[in-house]
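# Inside the fold
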Amino acid sequence: MRHPKTVISAIAGVGLGLATALGGTAVAADHSSAAPTGAVALSSPAASSQAAYAGSKEEAANNKAFFEAVMKSAAEKRAAHPGAAAVTVVYNASQAPSFSSQIASAASIWNSAVSNVKLQSGGNADFDYYEGNDPAGSYASTDGHGQGYVFLDYAQNQQYNSVRVTAHETGHVLGLPDHYTGPCSELMSGGGPGTSCQNTRPNAQEVSRVNSLWANGIAAALAKIS
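Residues numbered from 1 in each chain as written. Predicted model: local features only at pLDDT ≥ 70, side-chain atom pairs only at ≥ 80, totals over all residues. Heavy atoms only, no water.

### Considerations on the nonpolar core
Grouped together as the largest cluster of nonpolar side chains are 35 residues, with contacts concentrated most on Trp110, Phe127, Tyr129 and Trp214. When residues in this core are grouped by element, the largest group, 5 residues, is from helix H1 (residues 56-78). Excluding anything up to four places from it in sequence, tryptophan 214 contacts Phe67, Val70, Met71, Ala74, Val87, Val89, Asn116, Val117, Val173 and Leu174. (Core = buried A, V, L, I, M, F, W, Y, C linked by side-chain atoms within 4.5 Å. Buried < 20%, exposed > 50% of the residue type's maximum accessible area, 1.4 Å probe, protein only. Helix = DSSP H or I, 4+ residues; strand = E, 2+ residues; numbered from the N terminus. Contact = heavy atoms within 4.5 Å.)

And the structure:
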């Protein structure tokens, strides 16, 4: 859940990061105990600038890559169960035990909102959740080789509504891009409306977009597999 003024590094994920270190104290990045080996982290706030956010095409490309990796994984499983009413995307939250409640809430929020895709905890996961410290905040990422994960930053989740952060990042898994200039009523506006925003649910447009993505995208993905 990155702030609009936070720059991303090449092939990093999309996220809800902060433009400055929280509370005026820098938080040391620690991907060694959190994010998978080989994943490229977001650039730190020290390297950010207002001008850098203009490069949102790169951010959109990274988000698209993550979504496509998850959809490809889900499509391969769906091919074995073609009669299912909705596509099931399986997640593994074992590496983010501090956020088990927030992750379950985020999954429940999306499952109650959309009809063409469902999130489910389990083995043989399509993506993982990790937790740790990163000055760039929370984000969804892919290493470009089919491995996707959501990273949840401790400090940021203390400043922002933690369920909103988690549901927002999960929105990237389902294919939605950031829209920082949107109102608090938009889940994908992320940190744009500020820390006072407590909305944890997608609006009607976001729900419609996810349903459309998974209705049309899974058909295309299945066509490639067959």
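Structure's up, so let's keep going.
### Some words on the packing of aromatic side chains
One pass over the structure, following the stated rule, counts 8 aromatic pairs. With a centroid separation of 5.6 Å and 80° between ring planes, the pair formed by phenylalanine 67 and tryptophan 214 is classed as edge-to-face. Placement of the pair is phenylalanine 67 in helix H1 and tryptophan 214 in helix H5 (residues 204-225), with a sequence separation of 147 residues. In this structure, phenylalanine 67 and tryptophan 214 share a single accessibility class: buried. Ring geometry for tyrosine 91 versus tyrosine 129: centroids 5.6 Å apart, planes at 90°, classification edge-to-face. With a gap of 38 residues between them, tyrosine 91 in strand E2 (residues 87-95) and tyrosine 129 in strand E4 (residues 127-132) connect regions that are remote in the sequence. Chaining the aromatic ring pairs together yields one cluster made of Tyr130, Tyr139, Tyr149 and Phe151. (Phe/Tyr/Trp six-rings, centres within 6.5 Å; stacked < 30°, edge-to-face > 60°.)

### Overview of helix H4 (residues 162-173)
The end-to-end C-alpha distance of H4, which contains 12 residues, comes to 17 Å, matching closely the 16 Å that a straight helix rising 1.5 Å per residue would cover. Taken across its 12 residues, H4 has 11 buried, putting it largely inside the fold. Those residues of H4 that sit buried are Ser162, Arg164, Val165, Thr166, Ala167, His168, Glu169, Thr170, Gly171, His172 and Val173. For H4, the N-terminal cap is asparagine 161; the gap from its side-chain oxygen to the backbone nitrogen of valine 163 is 3.0 Å. Following H4 by one or two positions, glycine 175 adopts a phi angle in the positive range, close to 110°. (Expected span 1.5 Å × (residues − 1). Polar contact = N/O pair within 3.5 Å; in protein donor to acceptor, adjacent residues only side chain to side chain.)

### Quick look at the packing of helix H2 (residues 100-113) against H4
As a packed pair, H2 and H4 sit with axes 8 Å apart at the nearest point and diverge in direction by 55°. The angle between the axes of H2 and H4 places the two elements in the oblique class. Classified by chirality, the crossing of H4 by H2 is right-handed. Taking contact as the criterion, the partners of Gln102, Ile103, Ser105, Ala106, Ile109 and Trp110 in H2 are, on H4, Ser162, Val163, Thr166, Ala167, Thr170 and Gly171. Residue composition of the contact of H2 with H4, by class: 6 nonpolar, 6 polar and no charged. (Axes fitted to C-alpha atoms, helices over the stretch in contact; angles between N-to-C directions. Parallel < 35°, antiparallel > 145°, perpendicular 65-115°, else oblique. Left-handed = near helix turned anticlockwise from the far one by under 90°. Nonpolar A, V, L, I, M, F, W, Y, C, P; charged D, E, K, R; others polar.)

### Brief notes about unusual backbone geometry
One non-glycine residue, asparagine 124, lies in the positive phi region at around 50°. Mapped onto the secondary structure, asparagine 124 falls in the loop between strand E3 (117-121) and E4. When its relative accessible area of 63% is taken as the criterion, asparagine 124 is described as exposed.

### A few points about the confidence of the model for the chain
With 65% of its residues at a pLDDT of 70 or more, the chain has an overall mean of 74. The lowest-confidence element of the chain is strand E1 (residues 14-15), averaging 45 in pLDDT; the highest-confidence one is H2, averaging 98. Confidence over residues 3-34 falls short of pLDDT 50; this stretch has 115 contacts with residues more than four positions distant or in other chains. The low-confidence segment residues 36-55, where pLDDT is below 50, has 44 contacts with residues more than four positions distant or belonging to other chains. (pLDDT = per-residue confidence, 0-100.)

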